[in-house]
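# Structure at a glance
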Amino acid sequence: MKRIVVKVGSAVLTQDGTIALARMQALVDFLAKLKEKNEVILVSSGAVAGGFTKLKLDRTLIENKQALAAIGQPVLMGKYAKKFEKHNVLIAQVLVTAANLKKDDDIVRIRNTVETLLSHGVLPIVNENDATATDELEVGDNDQLSAYIANHINADMLIILSDIDAYYDADPREHTNAQALKEVHTIDPKELSRDVTPHNLFATGGIVTKLKAAAYLLENDKEMFLASGFDLEDVKSFAIDKVHKGGTIFTKAK
């Protein structure tokens, strides 16, 4: 049985300023299926967007973002709980901050909590605690948070589901002949220093943060798979059917 961390971003979970319930249901159905033969941990964005559905505040201000996250966390978890209940899957919320991930004692406590939940068949849902994080303490995006979590809880793989369906040899928005790379063993450091270009109002990442997550995991001898969160056929094929049709696997050369 493998231990798999799945991260889903705000671009997938939100649409037109609200939570995209159909996509959330498709995600939950996939995770429930994946959980049948694996230990699964979800790292989910969407708390700020969830709060925004209840109270329209300017999310560029840190105090408003924290307030929206505080409102949105129970909204988000309530929707997850209801959808997972259809599969008889119990979920648990695990909130962390960057400060937690810099302290060995906190890392051990996070790992012990996750281990206990998994041992009882519970699916942990991890998120950065935006309600109390500050600019100085924020992990910055859930791509890197999910990579840290995957490493610290000894996961076998991180799967990132995004509005970016793969890693290309050129920007597909600018180059019509850009080709998706199915397997990547090394990442050019220049790629990691490019500007972050999120595609969604509530997103904080883009391809750069995903490459940083992949580079971190490669350094720690772990794998990462990047695929679309809008159409889950590629990740289903890869993670459940063991057939690599689309998406990109970041792995050490064998």
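Bear in mind that the values here come from a model prediction, so they are computed numbers and not experimental data.

What counts as what
Residues numbered from 1 in each chain as written. Predicted model: local features only at pLDDT ≥ 70, side-chain atom pairs only at ≥ 80, totals over all residues. Heavy atoms only, no water. Helix = DSSP H or I, 4+ residues; strand = E, 2+ residues; numbered from the N terminus. Rg over C-alpha atoms; globule rule 2.2 N^0.38 Å. Areas by Shrake-Rupley, 256 points an atom, 1.4 Å probe, with all protein chains shown as cover. Lys, Arg positive; Asp, Glu negative; His and termini not counted. Charge placed at Lys NZ, Arg CZ, Asp CG, Glu CD. Buried < 20%, exposed > 50% of the residue type's maximum accessible area, 1.4 Å probe, protein only. 1 Å grid on protein atoms, 1.4 Å probe; cavity = no way out; pocket = protein on both sides within 12 Å on 5 of 7 lines; lining within 4 Å. Points joined across faces, edges and corners; volume = space filled by probe spheres on them. Nonpolar A, V, L, I, M, F, W, Y, C, P; charged D, E, K, R; others polar. Pairing = 2+ DSSP bridges. Right-handed = clockwise from strand over helix to strand, strands pointing away. pLDDT = per-residue confidence, 0-100. Contact = heavy atoms within 4.5 Å. Axes fitted to C-alpha atoms, helices over the stretch in contact; angles between N-to-C directions. Parallel < 35°, antiparallel > 145°, perpendicular 65-115°, else oblique. Left-handed = near helix turned anticlockwise from the far one by under 90°. Expected span 1.5 Å × (residues − 1). Phe/Tyr/Trp six-rings, centres within 6.5 Å; stacked < 30°, edge-to-face > 60°. Lys NZ or Arg CZ within 6 Å of the ring centre and 35° of its normal. Salt bridge = Lys/Arg side-chain N within 4 Å of Asp/Glu carboxyl O.

This part takes up the overall build of the chain. A tally of helices and strands in the chain yields nine helices and twelve strands. Taking 18 Å as the expected radius of gyration for a compact globule of 254 residues, we find that the chain reaches 17 Å, a close match to that expectation. C-alpha extents for the chain along the principal axes are approximately 45 × 40 × 40 Å. Summing over all exposed atoms, the chain offers an accessible surface of approximately 12000 Å²; the carbon and sulfur share of this is 49%. Side-chain charges in the chain split into 31 positive and 35 negative, and the spacing between the mean points of these groups amounts to 5 Å.

A separate point is the environment of E128. Structurally, E128 can be placed in strand β6 (residues 123-128). On the basis of relative accessible area, E128 is assigned to the buried category, the value being 3%. It is 5.0 Å that separates the C-alpha atoms of E128 and V96, two residues lying 32 residues apart in sequence.

Our next topic: the layout of surface pockets. In this approach a probe as big as a water molecule rolls over the atoms, and the regions it shows empty are the leftover space. As a volume, the second largest pocket reaches approximately 250 Å³. For the lining of the second largest pocket, the class distribution of residues is six nonpolar, two polar and five charged.

What follows deals with the pairing of β6. Counting buried positions over the six residues of β6 gives six, a clear majority of the element. What you see with β6 is no split at all: L123, I125 and N127 on one side and P124, V126 and E128 on the other are buried throughout. Bridge analysis of strand β4 (residues 38-44) against β6 gives two bridges, and the strand direction is parallel. Looking at β6, one finds that V43 is bridged to V126. By the bridge criterion, six bridges tie strand β5 (residues 91-96) to β6 in an arrangement that is parallel. Note that in β6 the partner of I91 across the bridge is L123. For the handedness criterion, the β-α-β arrangement of β5, helix α5 (residues 104-119) and β6 is classed as right-handed.

Further remarks concern the confidence of the model for the chain. Looking at the chain as a whole, its pLDDT mean stands at 88, while 90% of the residues score no less than 70. Ranking the elements of the chain by mean pLDDT puts helix α7 (residues 189-192) last, at 76, and helix α9 (residues 233-239) first, at 98. Segment residues 200-204 is flagged for pLDDT under 50; beyond a separation of four residues in sequence, or across chains, it makes 19 contacts in the model.

Let us look at the packing of helix α2 (residues 21-35) against helix α4 (residues 62-85). For any two helices packed against each other, one specifies the inter-axial angle together with the distance between the axes. Two numbers describe how α2 lies on α4: the axes approach to 10 Å, and their chain directions differ by 55°. The pairing of α2 with α4 is recorded here as oblique in orientation. Between α2 and α4 lies a crossing whose hand is right-handed. Only L76, K79, Y80, K83 and F84 of α4 make contact with α2, whose side of the interface consists of L21, M24, Q25, L27, V28 and L31.

The side chains of a regular strand alternate, residue by residue, between the two faces of the sheet. For strand β1 (residues 2-8), a buried count of six out of seven residues is recorded, marking the element as mostly surrounded by other parts of the structure. With seven bridges joining them, β1 and β4 adopt parallel strand pairing. Bridged to V8 within β4 is S44.

In a regular helix each residue adds 1.5 Å, so 13 residues correspond to 18 Å; helix α8 (residues 207-219) covers 18 Å between its end C-alpha atoms and thus fits that length. Burial runs high along α8: eleven of the 13 residues are buried. Its buried side turned inward, α8 meets α6 (142-152), β7 (157-162), β8 (167-168), α7, β11 (223-228) and β12 (248-250). Where α8 ends, the next residue or the one after it, D221, has phi of about 60°, a positive value.

Scanning all chains against the criterion turns up four aromatic pairs. When the ring of Y80 is compared with that of F84, the centres are 6.2 Å apart and the planes differ by 35°; the resulting orientation is tilted. Separated by four residues within a single helix, Y80 and F84 lie in helix α4, roughly one turn from each other. On the basis of relative accessibility, which here comes to 0%, the residue Y80 falls in the buried class. Between K56 and the ring centre of F52, over which it is positioned, the NZ or CZ distance is 5.2 Å.

Looking now at the pattern of salt bridges. One pass over the full model with this rule turns up eight salt bridges. The salt bridge partner of R3 is E115, with a shortest N-O separation of 2.8 Å. Of the two residues, R3 sits in strand β1 while E115 sits in helix α5, which places them 112 residues apart along the sequence. Looking at R3, the relative accessible area reads 9%, which means it is buried. Between D143 and K210 there is a salt bridge, and its shortest N-O distance comes to 2.9 Å. Residue D143 is found in helix α6, and its partner K210 is found in helix α8; the two are separated by 67 residues along the sequence.

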